[in-house]
Amino acid sequence: METIYEKITADNKKNDEIIAKAVDIIKNGGLVAFPTETVYGLGGNALNSESSKKIYQAKGRPSDNPLIVHIGNIGQIDGIAEEFPEKAKALADKFWPGPLTMVLKKKPCVPLETTGGLGTVAVRMPAHKTAKMLLSSGLYIAAPSANTSGKPSPTKGSYVYEDLNGRIDMIIEDDTVNIGVESTIIDMTREVPTLLRPGHISREDIEKVIGHIDVDETIAGIENYKKVDENTKPLAPGMMYRHYAPDASLALVDSENKGGKSVVEHITKLALEDISNNRKTVILTTDENTDIYKKLMSEANVSDESILFTKCTDFFKTLSDISNNILIYVVSLGNRGELSSIEQNLFMGLRLCNDIGAESIYSETFDTDNQGLAVMNRLIKAAGDKIIKV
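Residues numbered from 1 in each chain as written. Predicted model: local features only at pLDDT ≥ 70, side-chain atom pairs only at ≥ 80, totals over all residues. Heavy atoms only, no water.

K.L.:
Can you break down the overall build of the protein residue by residue, with the values?
P.N.:
Broken down by element type, the protein carries 13 helices and 17 strands. Once the C-alpha set of the protein is aligned to its principal axes, its extents read approximately 65 × 45 × 35 Å. Here the protein holds 390 residues, and 58% of them are scored as buried. Summed over its atoms, the accessible surface of the protein is roughly 15,900 Å², and 45% of this surface lies on carbon and sulfur atoms. (Helix = DSSP H or I, 4+ residues; strand = E, 2+ residues; numbered from the N terminus. Buried < 20%, exposed > 50% of the residue type's maximum accessible area, 1.4 Å probe, protein only. Areas by Shrake-Rupley, 256 points an atom, 1.4 Å probe, with all protein chains shown as cover.)

K.L.:
Residue-level account of the nonpolar core, with values.
P.N.:
With 44 residues, the main nonpolar core has L91, W96, L100, M102 and I186 as its most contacted residues. Those elements giving two or more residues to this core turn out to be β3 (40–45), α2 (49–59), α3 (77–80), α4 (86–95), β5 (100–105), β6 (120–124), α7 (157–164) and α8 (203–210). Of the residues forming this core, the biggest block, four residues, is contributed by α4. For I186, the contacting residues outside a window of four places in its chain are L91, L100, T101, M102, V103, P193, T194, L195, L196, I206, I210 and I213. C312, V331, F347 and V375 belong to the second-largest nonpolar core, a separate cluster that totals 37 residues. (Core = buried A, V, L, I, M, F, W, Y, C linked by side-chain atoms within 4.5 Å. Contact = heavy atoms within 4.5 Å.)

K.L.:
Quick rundown of the sheet that holds strand β14 (residues 307–311)? Include the residues and the values.
P.N.:
Taken in spatial order, the six strands line up as β14-β15-β13-β16-β12-β17 in an open sheet, and their pairing is parallel. The sheet is open, and its two edges are formed by β14 and β17 (387–389), each paired on a single side. Neighbour to neighbour, the strand axes of the sheet diverge by 20° on average, direction disregarded. Note: β14 against strand β15 (residues 328–332), five bridges, orientation parallel. Counted as the bridge partner of F309 is V330 from β15. Helix α9 (residues 261–276) rests against β12 (249–254), β13 (281–285), β15, β16 (360–364) and β17 of the sheet, and its axis sits at about 175° to β16. (Pairing = 2+ DSSP bridges. Axes fitted to C-alpha atoms, helices over the stretch in contact; angles between N-to-C directions.)

K.L.:
Tell me about the environment of Y293, and please be specific about residues and values.
P.N.:
Positionally, Y293 belongs in helix α10 (residues 290–299). Of the residues examined, Y293 reaches a relative accessible area of 0% and is grouped as buried. Separated by 26 residues in sequence, Y293 and I267 have C-alpha atoms that sit 9.2 Å apart. Other than its neighbours up to four places away in sequence, Y293 contacts V264, I267, T268, I283, T285, F309, V330 and E364. A polar contact of 2.9 Å, which involves the side chain of Y293, links it to the side chain of E364. (Polar contact = N/O pair within 3.5 Å; in protein donor to acceptor, adjacent residues only side chain to side chain.)

K.L.:
Run through the packing of aromatic side chains, naming residues and quoting values.
P.N.:
As enumerated under the stated definition, the model contains three aromatic pairs in all. Considering the side-chain rings of F84 and W96, the 6.4 Å spacing of their centres and the 20° angle between planes classify their relative orientation as stacked. Taken together, the residues span a long stretch of sequence, with F84 in the loop between α3 and α4 and W96 in the loop between α4 and β5 at a distance of twelve residues. In this structure F84 comes out as buried when scored by relative accessible area, which is 16%. Overall, W96 belongs to the buried group, its relative accessible area being 9%. (Phe/Tyr/Trp six-rings, centres within 6.5 Å; stacked < 30°, edge-to-face > 60°.)

K.L.:
Would you mind going over the environment of S158 in detail, with residue names and values included?
P.N.:
Within the element layout of this structure, S158 appears in helix α7. The partly exposed category is assigned to S158, whose relative accessible area is 35%. Excluding residues within four positions of it along the chain, S158 makes contact with Y5 and F316.

K.L.:
Quick rundown of the side chain of Q371? Include the residues and the values.
P.N.:
Along the chain, Q371 turns up in the loop between β16 and α13 (372–382). With relative accessibility at 17%, the residue Q371 sits in the buried group. Apart from residues no more than four positions distant in its own chain, Q371 is found in contact with H200, S202, D205, L339 and E343.

K.L.:
Outline α10, supporting the account with residue identities and numerical values.
P.N.:
Residues separated by three or four positions in an α-helix point in the same direction, a consequence of the helix having 3.6 residues per turn. For α10, the full list of buried residues reads T290, Y293 and M297. Looking straight down α10, one finds its buried side chains confined to an arc of 60°; they lie on one side. Of the exposed residues in α10, those oriented more than 90 degrees away from the buried face are D291, K295, S298 and E299. Check the buried side of α10 and you find it contacts α9, β13, β14, β15 and β16. Remark: N301 follows α10 within two positions and exhibits a positive phi of approximately 60°. (Arc of directions from axis to C-beta.)

Worth remembering: the numbers are spatial, not functional.
Structure below.
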């Protein structure tokens, strides 16, 4: 299959032609990758069981893992959900369009292939301008993240191409993805609404609108979370255990003082051991700690030619110019006091580890208040629960 690759630009006429072509592909059972405000999605007709099967096949994703149905307006809820509870309406009023997915009881028209065999349907109304253009067609678009299963979700069109070129009909590039982690998912079919996947819209944000919610015990990042059994049927996307993983081994280094002195010193020790064995190593840190790593590496006599200190966004822009002699990459994901910046750069940082052929990756950890839970959830899954306590 030849994959069509188109870019959204300032040329509105051309953009309309791209969207029209994408709509036609989806209507005819094909697959189109498109940007949302969270990550890129891989879209197919949610009401066509064969389209959903194609999504699973393209991603290499287990067919019992539910797909999120994307809508363009609130009136579309009636077409796929048996009921829309008052609390769900309150959340929609507050957070839609936006990065919140709600699980509702499905109507028979939604194929089991779309819902992973469940009697519920996960629904979201995205806010990204290109996604909204696509959904203005009135289509119900099933769209998981546009990556091969298990890899970090893509926030750049080039990463979608890397994973899915030749597997899908079309990719629409518009790299204005500004959140960087997938949507929050909340189950509204239970007596007490239950958080199934943390995201940019936090538990605290939701509880300000509808009061107390429960948190699923398998959410990695909560205290004493329960690991998911591989034979367990997932209730929502992202609940299976190993997920979002880079190619290299990732270890999280944790202490009571997140990202504190003991963490930085231990990560530095591990990185120095790795480069003594000529292993290319990445340290994922924050703006606050970059200068501390510089000092420790200088004291360890690491040559300037073999180490790179960079911000994640700068790293992506200068990737082609980076020397092959570098063994340690110290990459800041953003500001620890502004977790939205960490969210935005996390998956790109993990993808960049693949781009430079990292053999070892070490990351600091984060408090799990507000957006911190989404960050830690993704990191723990990406690391396969490998956490070093110091």
